[in-house]
Amino acid sequence: ERVRIRRKDREVTYFAAMTAIVEDCGCCRLGMVLDGGAYIVPLNFGYEVKDGTLLLYFHGAAQGQKISLLRDNPAASFEMDTGHRLVPGAKADDYTYAYRSVMGRGVVEFLQEDEAKLAALNRIMDHYTHRDDWTVEAPMLHATAVYCLRVTHWTAKEHIVP
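**Here's the deal with the overall build of the protein**
Along the backbone of the protein there are four helices and eight strands. Along the chain direction, N to C, the helices and strands of the protein fall in the order β-α-β-β-β-β-α-β-β-α-α-β. Across its three principal directions, the C-alpha atoms of the protein cover 60 × 40 × 30 Å. For the protein, the residues scored as buried account for 40% of the 162 residues in total. Sequence-distant contacts in the protein: of pairs separated by 6 or more residues, those separated by 24 or more amount to 71%. Carbon and sulfur atoms form 52% of the exposed surface of the protein, whose accessible area is close to 9,600 Å². The centroid of the 19 positive side-chain charges in the protein is displaced by 8 Å from the centroid of its 22 negative side-chain charges.

As structure tokens, this is what we get:
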């Protein structure tokens, strides 16, 4: 199932180009439902592609609003954007804005096994440090919630302006 995009001229459909946008993003906004409304939090993240599916990894405290919401309802949405640049024009309606973005939804799974948690934490660290051989002491590993959003549907757009 795909979400309709109004500006088809800005849609990115090539999978490698979509993941390249993810690679360039520094923050992932994760959306959940709270009292019938949206609850959105900005998070550091890591990712990988397995069997053609985008997996997004997150970590944090083992308790709190976000964790409670995800345990009650593991369905979540996400949004990332990068490449922001205002492009001026001679008149107000000539101005435009350059950007690249992805958004979608999926299902969250909490990782329980130490090996899986460490691998996910290394995906997060690799995204920011370009190094994936970090160690985490057992007490910290056990105290940290590590979870994966298995993306089921996503779209990408970009507006590149020279």
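**Examining the packing of aromatic side chains**
Applying the stated criterion across every chain, the model contains four aromatic pairs. The interplanar angle of 90° and the centroid separation of 5.7 Å between the aromatic rings of Phe-15 and Trp-154 together place this pair among those described as edge-to-face. Here Trp-154 lies in strand S8 (residues 144-159) and Phe-15 lies in helix H1 (residues 15-24), a separation of 139 residues in the sequence. Between Phe-110 and Tyr-147, the ring centres sit 5.3 Å apart and the planes meet at 45°, which makes this aromatic pair tilted. Separated by 37 residues along the polypeptide, Phe-110 in strand S7 (residues 96-110) and Tyr-147 in strand S8 bring together distant segments of the chain. Assessed through its relative accessible area of 0%, Tyr-147 is described here as buried. Put simply, the rings of Phe-58, Phe-110 and Tyr-147 touch in pairs and so form one group of aromatic residues. Over the aromatic face of Phe-110 sits the side chain of Arg-71, whose NZ or CZ is 4.0 Å from the ring centroid. Sitting above the plane of the Trp-134 ring, Arg-131 keeps its charged end 3.7 Å from the centroid.

**Notes on a nonpolar patch on the surface**
Judged by side-chain polarity, Leu-86, Tyr-95 and Tyr-97 come together as a nonpolar surface patch covering roughly 320 Å² of accessible area. Residue position: Tyr-95 is located in the loop between strand S6 (75-87) and S7. Residue Tyr-95 is classed as partly exposed on the basis of its relative accessible area, which comes to 42%.

**A short note on the state of the cysteines**
Applying the stated criterion to the full structure yields zero disulfides. There is no disulfide at Cys-25, and the cysteine sulfur nearest it, in Cys-28, is 8.3 Å away.

**Considerations on helix H3 (residues 114-129)**
Across its 16 residues, H3 extends 21 Å between first and last C-alpha, which sits within 8% of the 22 Å expected from 1.5 Å per residue. When we look at burial in H3, the residues that qualify are Lys-117, Ala-120, Leu-121, Asn-122, Ile-124, Asp-126 and His-127. Among the residues trailing H3, His-130 stands out with phi positive, at a value near 60°.

**Considering the side chain of Asn-122**
One can find Asn-122 in helix H3. Apart from the residues lying within four places of it in its own chain, the contact partners of Asn-122 are Arg-131, Asp-132, Asp-133 and Trp-134.

**Structural notes on the nonpolar core**
Membership of the largest hydrophobic core comes to 30 residues, with the highest contact counts inside it found for Leu-30, Leu-56 and Phe-78. At the level of secondary structure, the elements contributing two or more residues to this core comprise H1, strand S2 (28-34), strand S3 (37-43), strand S5 (53-61), helix H2 (65-72), S6, S7 and S8. Here the element with the most residues in this core is S8; it accounts for six residues. Sequence-distant contacts of Phe-78, defined by excluding residues within four places in its chain, comprise Cys-28, Arg-29, Leu-30, Leu-56, Val-102, Met-103, Gly-104, Arg-105, Leu-149, Val-151, His-153 and Trp-154. Grouped together as the second largest cluster of nonpolar side chains are nine residues, Tyr-57, Leu-111, Leu-141 and Cys-148 included.

What counts and how
Residues numbered from 1 in each chain as written. Predicted model: local features only at pLDDT ≥ 70, side-chain atom pairs only at ≥ 80, totals over all residues. Heavy atoms only, no water. Helix = DSSP H or I, 4+ residues; strand = E, 2+ residues; numbered from the N terminus. Buried < 20%, exposed > 50% of the residue type's maximum accessible area, 1.4 Å probe, protein only. Contact = heavy atoms within 4.5 Å. Areas by Shrake-Rupley, 256 points an atom, 1.4 Å probe, with all protein chains shown as cover. Lys, Arg positive; Asp, Glu negative; His and termini not counted. Charge placed at Lys NZ, Arg CZ, Asp CG, Glu CD. Phe/Tyr/Trp six-rings, centres within 6.5 Å; stacked < 30°, edge-to-face > 60°. Lys NZ or Arg CZ within 6 Å of the ring centre and 35° of its normal. Patch = residues over 30% accessible without salt bridge, like charges linked within 9 Å, V, L, I, M, F, W, Y side chains within 5 Å. Salt bridge = Lys/Arg side-chain N within 4 Å of Asp/Glu carboxyl O. Disulfide = S-S within 2.5 Å. Expected span 1.5 Å × (residues − 1). Core = buried A, V, L, I, M, F, W, Y, C linked by side-chain atoms within 4.5 Å.

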